[in-house]
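If you want the building blocks of each chain, they are given just below.
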Amino acid sequence: MNIYDIAQMANVSIATVSRVVNNSPKVSDKTRRKVLDIIDKYGYTPNVFAQGLGLNTMHTIGILVPTIADLYISRAVACLEERLHEMGYDIILGCSGYGAKQKEAHIEMMLSKRIDALVLVGSTYAGSDDESHNTDYIQKAANTVPVFLINGLIEGDNIYCNAAEDYRASYEVTTELIKKGRRRIVFLTDSKSFSANEKKSGYEQALRDAGIDIIPEMALFMKNDIDTVKSLFCNYDFLDYDAVFATDDAMAIGVMKYLKTKGKSIPEDVSVVGYNNSMFCICTTPELSSVDNKVELVATQTVKSLKAVLSKEGNVLHKNMVACELVRRGTI
């Protein structure tokens, strides 16, 4: 028994059956009763596709991430799924990787699923330093469905961005380190994404405002992995540093493990600050100070924007910024 059988038995269109299933007011009481009686008699359970026929909605949201292995991204997806299910939406989750062509291909795949909206999680979708990595394909997708971007900013019609104030947070962390007497601060990152560039810009501006020269060698780039950072940091023993600001908690912990092998005290000899305020922070000794970039709040704001856009509730901000907070523990 499927929606076509129900429509034939009730002598109505499949769109009418879909409207009944979705409790649309655009059906007469007589027709509604006839369709419901058949549904009750045969125990028909509509699937998502059947519910969407004739209504221009599948009650399904596409969520695209570069990788689900990233802790920030997995936290965002968990929050998105919970909030969307509360609204009666199902999700389709895809992992695109970081390459431009792969992202474009995955977005095309998502659009083929007749989704109602597309959520992109991660600043990698907002572009990078790679000139070939443009965002035109996102605007193209926005011509079909509303696009919501988490942790990145893109201008364009039908594109709605919710992001943390990474520039400001990075500026404030660096300024606090300077006020505590740190003047040789390493900036450690694994990315050249929009978010990473905002953090680096905030770090550099804080140094300028304090009259401290920017030393290119103090900006380090390496894989976001605790053991990798620990093993590679020995290559930078020639650097004279008294603080490390990492754009991810795992990288900061890698630094802490390396400093321990060198007999350095934290924060007496070297201050260390991470980013994302993940569960890793309380698993170290001392516990790691980290920037809370409010991932759950950003995800919740995204769902609110999505609901307002799909419900046509009026003007929705195309850019919504969320303030971060430095959670001070034992490393600063």
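Look above for the structure.
Residues numbered from 1 in each chain as written. Predicted model: local features only at pLDDT ≥ 70, side-chain atom pairs only at ≥ 80, totals over all residues. Heavy atoms only, no water.

**Some remarks on the overall build of the protein**
In terms of regular secondary structure, the protein is built from 12 helices and 12 strands. In terms of principal-axis extent, the alpha carbons of the protein reach across some 80 × 35 × 30 Å. Residue burial in the protein is summarised as follows: out of 332 residues, 49% are buried. At a minimum sequence separation of 6, the contacts of the protein that also span at least 24 residues come to 71%. By element, 48% of the accessible surface of the protein is carried by carbon and sulfur atoms, the whole surface being about 15900 Å². If you average the places of the 37 positive and of the 42 negative side-chain charges in the protein, the two averages end up 4 Å apart. (Helix = DSSP H or I, 4+ residues; strand = E, 2+ residues; numbered from the N terminus. Buried < 20%, exposed > 50% of the residue type's maximum accessible area, 1.4 Å probe, protein only. Contact = heavy atoms within 4.5 Å. Areas by Shrake-Rupley, 256 points an atom, 1.4 Å probe, with all protein chains shown as cover. Lys, Arg positive; Asp, Glu negative; His and termini not counted. Charge placed at Lys NZ, Arg CZ, Asp CG, Glu CD.)

**A look at the packing of helix H2 (residues 14-21) against helix H3 (residues 29-42)**
When two helices pack together, their arrangement is captured by the angle between the axes and the distance separating the axes. Contact pair H2 / H3: the axes reach a minimum separation of 10 Å and the direction vectors enclose 85°. Judged by the inter-axis angle, H2 sits roughly perpendicular to H3. Mapping the contact onto sequence places Thr-16, Val-17, Val-20 and Val-21 in H2 and Thr-31, Arg-32, Val-35, Leu-36 and Ile-39 in H3. (Axes fitted to C-alpha atoms, helices over the stretch in contact; angles between N-to-C directions. Parallel < 35°, antiparallel > 145°, perpendicular 65-115°, else oblique.)

**Things to note about the sheet that holds strand S2 (residues 90-95)**
Remark on secondary structure: sheet strands pair via backbone hydrogen bonds, oriented parallel or antiparallel. Strand order in the open sheet formed by 6 strands is S2-S1-S3-S4-S5-S11, with parallel pairing between adjacent strands. At either end of the open sheet lies a strand with only one pairing partner, and these are S2 and strand S11 (319-322). Within this sheet the neighbouring strands show an average axis-to-axis angle of 15°, counted without direction. Strands strand S1 (60-65), S2, strand S3 (117-121) and strand S4 (147-150) of the sheet are contacted by helix H5 (residues 71-86), whose axis makes an angle of about 175° with S1. Most of the contacts of helix H6 (residues 100-112) go to S1, to which it runs at about 170°, and overall it touches S1, S2 and S3. (Pairing = 2+ DSSP bridges.)

**Considerations on the side chain of Asp-292**
With respect to the element layout, Asp-292 can be found in strand S10 (residues 289-292). For Asp-292, the side chain forms a polar contact with the main-chain nitrogen of Lys-294, separated by 2.9 Å. If we ignore the near neighbours within four places in the chain, the residues touching Asp-292 are Asn-277, Cys-324, Glu-325 and Val-327. (Polar contact = N/O pair within 3.5 Å; in protein donor to acceptor, adjacent residues only side chain to side chain.)

**Looking at the sheet that holds S10**
Pairing in this open sheet of 6 strands is mixed, and the strands run S7-S6-S8-S9-S10-S12 from one edge to the other. Unpaired on one side and paired on the other, strand S7 (219-221) and strand S12 (325-327) mark the two borders of the sheet. Strand-to-strand twist across the sheet, computed as the mean angle between neighbouring axes with direction ignored, equals 20°. Two strands pair when backbone bridges link them, and strand S9 (residues 271-275) and S10 are joined in this way by 3 bridges, in the parallel orientation. The residue bridging Val-273 from the neighbouring strand is Ser-289, located in S10. Helix H8 (residues 166-179) contacts strand S6 (185-189), strand S8 (243-246), S9, S10 and S12 of the sheet and is inclined by roughly 170° relative to S9. Sheet strands in contact with helix H9 (residues 194-209) are S6, S7 and S9, and its direction is about 175° off that of S6.

**Focus on the packing of helix H1 (residues 3-10) against H3**
In contact at an axis separation of 10 Å, H1 and H3 are set at 125° when each is read in the N-to-C sense. Here H1 lies oblique to H3, going by the angle between them. For the pair H1 and H3, the sense of crossing is right-handed. Only Lys-34, Val-35, Ile-38, Ile-39 and Tyr-42 of H3 make contact with H1, whose side of the interface consists of Ile-6, Met-9 and Ala-10. (Left-handed = near helix turned anticlockwise from the far one by under 90°.)

**With respect to the pairing of strand S5 (residues 159-164)**
Working note: regular strand, side chains alternate between the two faces of the sheet. Along S5, 6 of the 6 residues are buried, which leaves the element largely enclosed by surrounding structure. With 4 bridges joining them, S4 and S5 adopt parallel strand pairing. Pairing of Leu-149 across the sheet is with Cys-161, part of S5. When S5 meets S11, the two strands line up parallel, connected through 4 bridges.

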